[in-house]
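Structural description and commentary
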Amino acid sequence: MNIVTNPQKLRGFEKQIKVEKISRRGILKGLGVAGGLVLAAPLMSRQAFAAYQTGASKMPHGVVVNPRVFVAIAPDGIVTIIGHRAELGTGVRTSLPLIVAEEMEADWTRVKVKQAYGDEAKFGNQDTDGSRSTRHYLIPMRQIGAAARVMLESAAARRWGVPVTEVRAQNHEVVHASSGRRLGFGELAEDAAKQSVPSIDALKLKDAKNFRYLGKGEVSIVDLRDITVGTAHYGIDTRLPGMKYAVIARPPVTGGKLVSFDAADALKVSGVEKVLEVKGWPWPSKFQPLGGVAVIARNTGAAIKGRDALKVVWEDGANASYDSVAYRKQLEEAARKPGLVVRTEGDVNAALKGAYKVVVGEYYMPHLAHVSMEPPVAVADVKGDKVEVWAPVQSPGGTREDVAKTLGIPEDNVTVNVTLLGGGFGRKSKCDFVIEAVLLSKAIGAPVKVQWTREDDVQHDFLHTVSVEHIEAGLDKSGKVIAWRHRSVAPSIASTFAANVVHQAPFELGMGLIDVPFEVANLQCENPEAAAHTRIGWFRSVSNIPRAFAVQSMVGELAHATNRDQKEMLLDLIGSPRIVKLDSVKDPWNYGEPYGSYPIDTARLLRVVEVVADKGKWGRSVPKGHGLGIAAHRSFVSYIATIVEVSVDDKGKLTVHQVDTAIDCGTYVNPERIQSQIEGAAIMGLSLAKYGEVTFKNGKVEQGNFDTFPVIRMDESPIVTHVHIVPPDSDAPPSGVGEPGVPPFAPALTNAIFAATGKRIRALPIGKQLET
């Protein structure tokens, strides 16, 4: 499907939709294909469902498969299905209930979706992150729906006095074919509730050919109208009787603490009622608040003015000297020396020494802020030893647990109500802002809304890590890559949980470093030391962003060094169709999934490269000043490739004319949501590459609002975005969608810039590097 994201350039554009099947063998043999959004046989066979395993059971509180927990049927036939994951734009609040409705033969027009509160003992794991909701819950949701269907069929059979094998659920009714009798779900609700829940082993799932909803892309998200007309309820919209409003002055340096404050002028501001200290925890302290001074007022505006009037003295602590310019030099120095070896094959030192030519690339990416459109916000109401929270959180179960631990009360005394999220990108998996509201509500004995401003959001974020990626590639006389050494230096997310962390955690190393899928005889990956000086957190696509930027930029550099086509160099490096083995890696991480179900399959990576090259007409003639770039990456167990066409004018103005992305995410449920997320990834990827940068001076963040941390505007967005969903093999399990679209965008963009201008971008953001 072709999508116009820049309405100023609609003239002459005609939206086209083409549907077709693409076979793996056909693509790998180079057969021609055409079209945009691809829909074809998206759901696995029943036999495949029994065979594939996920890491869902290893997540906190695992999986719950119980229709009594997730499904309710009213006498009027309305089916209510619980959505237990948070909605932050992925459509998961629709997709997971839709799976249940499909299996139980419910009519979607008679289904209501109810948001679950935080309770992982009841609902199973509720962490909405890691691009894993569908891959972990496709089977359980189908089983829940199938169990509800069997209970309805059993109730009808018993009422009619016939064998259950003679009845079947069909479009919100149970039908007895031989007699023509039928009963609606509402008529059967009471009797069905009395039935025993069937065992999972006894369930028979629907045949994919009989699906009405799954894989069709014809169901809109349940919140679409409310979001469109402005009636959707986000965290910021929560109002309670007697509620007070608070903003907090926090230590400007991570690890700093409050020395003293003077609230006299703040209390003179109309509407300000109280000023009090907020408890902080020594860094690192997981997701506990930084502490500071809270201004309590009758409205947010007054609270902000009151905070502006505060006189606060801080002790900055050990990170007061943190400076981005100096720290970058430290990372570069570390990257040029041997580091902890985390994967090794062959003898890379000997191969580099004996190489005919060595190409060296060093790539820098700064800290990035999440800047979701809705900054962190939470409402808390503490009454005695009971707490109720309303907040846009990605991890309601984790939030409930952390609130209970902070107050020293049982989890059963904590209720976490999940609102819609105005964006999240991983930031709202951390519940520090919720705990702030809880502490203040307890202190003043009234409901409190804590609102973060955009400046708070940028300056006190759990930032994406800063990194330097150093790659050395050795070539023989024919231009074949015979050696590959990649040193990745970056502070770790683990530093948020423990002190003195200087190496990246296994899950970070598994994002584009140790799992590089290149068929090179001598390959070594290293992780030199890097200490953190600010809060580091997961961010959409996490470490895949700098790794893909570096690896795929190096592919472009090697193509240029050998006078070869970018795509052909990429295919040569990926090599033969095979399953990549990581035998030399001590603790290989595979996004929490077993390798048996989710191997590193280069055939699938090769396929998305071929699909996007065909769809995006790789090698096509482009006007002078234009260039094409390509990149491919595996992340969150999905395979994705992107082509970007750019132009750069004589004043350095960058225009992205066209983006083509092919994604193989295995079995899928809602292609419309896949399309939407890949389109969004192109916009976010361009914004980060062009502008994304958080810098530090004297330990403090230098950016604040969108004037200093800009995001792209509508007139800068890609003019046209094409999304090509590659149908899976019949037994391919579902994989991630929300995050994989981001990593390949920046290198495809910068490779295209090089093709257009001859200027190689090795440090992001692009900023003013193109200006002449």
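Preceding block: the structure.
The present account deals with the structure reproduced in this document. (Residues numbered from 1 in each chain as written. Predicted model: local features only at pLDDT ≥ 70, side-chain atom pairs only at ≥ 80, totals over all residues. Heavy atoms only, no water.)

1. Side note on the packing of aromatic side chains
Under the convention used in this document: Note on aromatic contacts: the rings of Phe and Tyr and the six-membered ring of Trp form a pair at centre separations within 6.5 Å, being stacked when their planes are under 30 degrees apart, edge-to-face when over 60 apart, and tilted otherwise. Secondary structure follows DSSP: runs of H or I at least 4 residues long count as helices, runs of E at least 2 residues long count as strands, and numbering of each begins at the N terminus. Each residue is placed in one exposure class: buried if its accessible area under a 1.4 Å probe, protein chains only, is under 20% of its type's maximum, exposed if it is over 50%, and partly exposed if it falls in between.
Evaluation of the coordinates by the stated rule reveals 13 aromatic pairs. Taking 5.9 Å as the distance between ring centres and 80 degrees as the angle between the ring planes, the aromatic pair formed by Y363 and F549 counts as edge-to-face. Separated by 186 residues along the polypeptide, Y363 in strand 14 (residues 357-365) and F549 in helix 17 (residues 544-561) bring together distant segments of the chain. Take F549: its relative accessible area is 1%, and that puts it in the buried class. Aromatic side chains F507 and W589 sit 6.0 Å apart centroid to centroid with 65 degrees between the ring planes, which places their arrangement in the edge-to-face category. With F507 in helix 16 (residues 506-509) and W589 in the loop between helix 18 (566-574) and helix 19 (602-615), this pair connects stretches of sequence that are 82 residues apart.

2. Topic: the packing of helix 17 against helix 18
Counted only if it meets this: In this description, a line fitted to the C-alpha atoms serves as the axis of each element, helices being fitted only across the stretch in contact, and the angle between N-to-C directions of two axes falls anywhere from 0 to 180 degrees. In this scheme, a crossing is called left-handed if the near helix is turned counterclockwise away from the far one by less than a right angle; it is called right-handed if the turn is clockwise. A contact between two residues is defined here by any heavy atoms of the two lying within 4.5 Å. Only Asp, Glu, Lys and Arg are considered charged, only Ala, Val, Leu, Ile, Met, Phe, Trp, Tyr, Cys and Pro nonpolar, and every remaining residue, Gly among them, polar.
Where helix 17 meets helix 18, the closest approach of the two axes is 9 Å, and the angle between their N-to-C directions is 115 degrees. Considering only the axes of helix 17 and helix 18, their crossing is right-handed. Side by side, helix 17 and helix 18 meet where Q552, V555, L558 and A559 of the first sit next to Q566, M569, L570 and L573 of the second. The residue makeup of the contact of helix 17 with helix 18, split by class, is 6 nonpolar, 2 polar and no charged.

3. Some words on unusual backbone geometry
With omega at -5 degrees, the peptide bond leading from W283 into P284 counts as cis. On the secondary structure map, P284 appears in the loop between strand 10 (272-278) and strand 11 (292-297). A cis amide bond links L764 with the next residue in sequence, P765, at an omega value of 5 degrees. Relative to the assigned elements, P765 resides in the segment after helix 21 (745-757). With phi around 70 degrees, H61 is a residue other than glycine that occupies positive phi space. For H61, the position within the fold is in the loop between helix 2 (46-51) and helix 3 (67-70). Judged by its relative accessible area of 46%, H61 falls in the partly exposed class. Unusually for a residue other than glycine, F636 sits at a positive phi of about 50 degrees. Structurally, F636 is set in the loop between strand 22 (626-635) and strand 23 (638-648).

4. Here's the deal with the sheet that holds strand 15 (residues 377-383)
Short version of the rule: Note on pairing: two strands pair once DSSP finds at least 2 bridges between them.
The strand order 10-11-8-18-15-16-17 describes an open sheet built from 7 strands, whose pairing is mixed. Each edge of the open sheet is held by one strand with a lone partner, namely strand 10 and strand 17 (414-418). Within the sheet, the average angular offset between the axes of one strand and its neighbour, ignoring direction, is 25 degrees. In this structure, strand 15 lies alongside strand 16 (residues 386-391), joined through 5 bridges in antiparallel fashion. Within strand 16, the residue paired with A380 across the bridge is V389. Docked against the sheet, helix 10 (residues 300-309) engages strand 8 (244-249), strand 10, strand 11 and strand 18 (448-451), running at close to 30 degrees with respect to strand 8. Sitting on the sheet, helix 13 (residues 396-407) touches strand 16 and strand 17, and the angle it makes with strand 17 is about 145 degrees.

5. As for the side chain of S735
Keep this limit in mind: Here a polar contact is recorded for every N or O atom pair within 3.5 Å, except that within protein the pair must consist of a potential hydrogen donor and a potential acceptor, and residues adjacent in sequence are included only if both atoms are side-chain atoms.
Note that S735 resides in the loop between strand 27 (720-725) and helix 21. Looking at S735, the relative accessible area reads 6%, which means it is buried. In terms of polar contacts, S735 uses its side chain to reach the backbone carbonyl oxygen of V637, at 3.3 Å.

6. Quick look at the nonpolar core
For the record, the criterion: Nonpolar core, defined: a set of buried Ala, Val, Leu, Ile, Met, Phe, Trp, Tyr and Cys residues in which side-chain atoms within 4.5 Å join the residues together.
In this structure, W484, F518, L558, V646, L749 and I766 are the most contacted members of the largest nonpolar core, which totals 78 residues. A per-element tally of this core places helix 17 first, with 8 residues. Setting aside residues up to four positions removed in sequence, I766 forms contacts with L654, A689, K690, L749, I753 and I761. In this structure, V71, V100, F123 and V162 belong to the second largest nonpolar core, which totals 43 residues.

7. As for the packing of helix 17 against helix 21
Note the threshold: In this scheme, roughly parallel covers angles under 35 degrees and roughly antiparallel covers those over 145, while 65 to 115 is roughly perpendicular and the rest are oblique.
Interhelical geometry of helix 17 versus helix 21 gives an angle of 30 degrees and a closest axis separation of 8 Å. If you check the angle between helix 17 and helix 21, you find them roughly parallel. The handedness of the crossing between helix 17 and helix 21 is right-handed. Residue-level contacts link A548, F549, Q552, S553, G556 and H560 of helix 17 to A746, P747, T750, N751 and F754 of helix 21. Partitioning the contact of helix 17 with helix 21 into residue classes produces 5 nonpolar, 6 polar and no charged.

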